[in-house]
Amino acid sequence: MEATGKKPTNYLSGKADKMKKASGKRKSTLIFACSGLSNTGKLTMQAASALAFRRPDLYRAAAAHKGVDAVEDALSDGFKILVLDGCSDRCATKKLEESGLKADVYMMVTELGIEKTMPSDVKPEYVEKIVRAIKEA
């Protein structure tokens, strides 16, 4: 799957019990989104932003192209980190790993059955499909 020969871990395998704090409350999640130029890259940021808008108590969005400062801040605040890559290029994952940080959960839009196509192929039903997957992760 990766050029390095290492198999990615935790793709779509997040568990709700890992997201709970000792108090039993769900742990907040920072979605570190690819935000690339393809449709799948654009969809990552749209889905992350939608969740952050709808549930600001549970989700925060950060664009990978802006760097990892938001990730470091979220980690210090006790957030769970979810990397949302658009495709197998794994831009968000690479950006995070370059800084020496690791995510709790990894997701890839193309693994949700959304094909990487032209940049204008950004449909609301795709955003909602990604939002549902993130909530279940």
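Note: the structure precedes this text.
Just so you know, these numbers come straight off a predicted model, no measurement behind them. (Residues numbered from 1 in each chain as written. Predicted model: local features only at pLDDT ≥ 70, side-chain atom pairs only at ≥ 80, totals over all residues. Heavy atoms only, no water.)

**Student:** Tell me about the sheet that holds strand E1 (residues 29-33), and please be specific about residues and values.
**Tutor:** Spatially, four strands are ordered E2-E1-E3-E4 in an open sheet, and the strand pairing comes out parallel. At either end of the open sheet lies a strand with only one pairing partner, and these are strand E2 (59-63) and strand E4 (105-108). In this sheet, adjacent strand axes meet at a mean angle of 20 degrees when their direction is disregarded. In this sheet, E2 lies alongside E1 in parallel orientation, the contact comprising five bridges. Its bridge partner being in E2, Ala-33 is matched across the sheet by Ala-63. Where helix H2 (residues 69-76) meets the sheet, it contacts E1, E2 and strand E3 (80-85), and its direction lies at approximately 165 degrees from that of E1. (Pairing = 2+ DSSP bridges. Helix = DSSP H or I, 4+ residues; strand = E, 2+ residues; numbered from the N terminus. Axes fitted to C-alpha atoms, helices over the stretch in contact; angles between N-to-C directions. Contact = heavy atoms within 4.5 Å.)

**Student:** I'd like a rundown of the packing of helix H1 (residues 39-54) against helix H4 (residues 124-136), residues and numbers included.
**Tutor:** Two quantities define a packed helix pair, namely the angle between the helix axes and the distance between the axes. H4 packs onto H1 with a crossing angle of 65 degrees between their chain directions and a minimal axis gap of 9 Å. Handedness of the H1/H4 crossing: right-handed. Here Leu-43, Gln-46, Ala-47, Ala-50, Leu-51 and Arg-54 of H1 lie close against H4, whose contacting residues are Tyr-126, Val-127, Glu-128, Ile-130, Val-131, Ile-134 and Lys-135. Broken down by class, the residue content of the contact of H1 with H4 amounts to nine nonpolar, one polar and three charged. (Left-handed = near helix turned anticlockwise from the far one by under 90°. Nonpolar A, V, L, I, M, F, W, Y, C, P; charged D, E, K, R; others polar.)

**Student:** Account for the pairing of E1, naming residues and giving values.
**Tutor:** With five of five residues buried, E1 lies mostly within the body of the structure. Residues of E1 alternate between two faces, with Thr-29, Ile-31 and Ala-33 on one and Leu-30 and Phe-32 on the opposite face, all of them buried. In this region the chain leaves E1, passes through H1 and returns to the parallel neighbour E2; the handedness of that crossover is right-handed. Where E1 lies against E3, five bridges are found, and the strand directions are parallel. Bridging across to E3, Ala-33 finds its partner in Leu-84. (Buried < 20%, exposed > 50% of the residue type's maximum accessible area, 1.4 Å probe, protein only. Right-handed = clockwise from strand over helix to strand, strands pointing away.)

**Student:** Outline the packing of aromatic side chains, supporting the account with residue identities and numerical values.
**Tutor:** As enumerated under the stated definition, the model contains zero aromatic pairs in all. Note that Arg-60 overlies the ring of Phe-79, its terminal NZ or CZ placed 4.2 Å from the centroid. (Phe/Tyr/Trp six-rings, centres within 6.5 Å; stacked < 30°, edge-to-face > 60°. Lys NZ or Arg CZ within 6 Å of the ring centre and 35° of its normal.)

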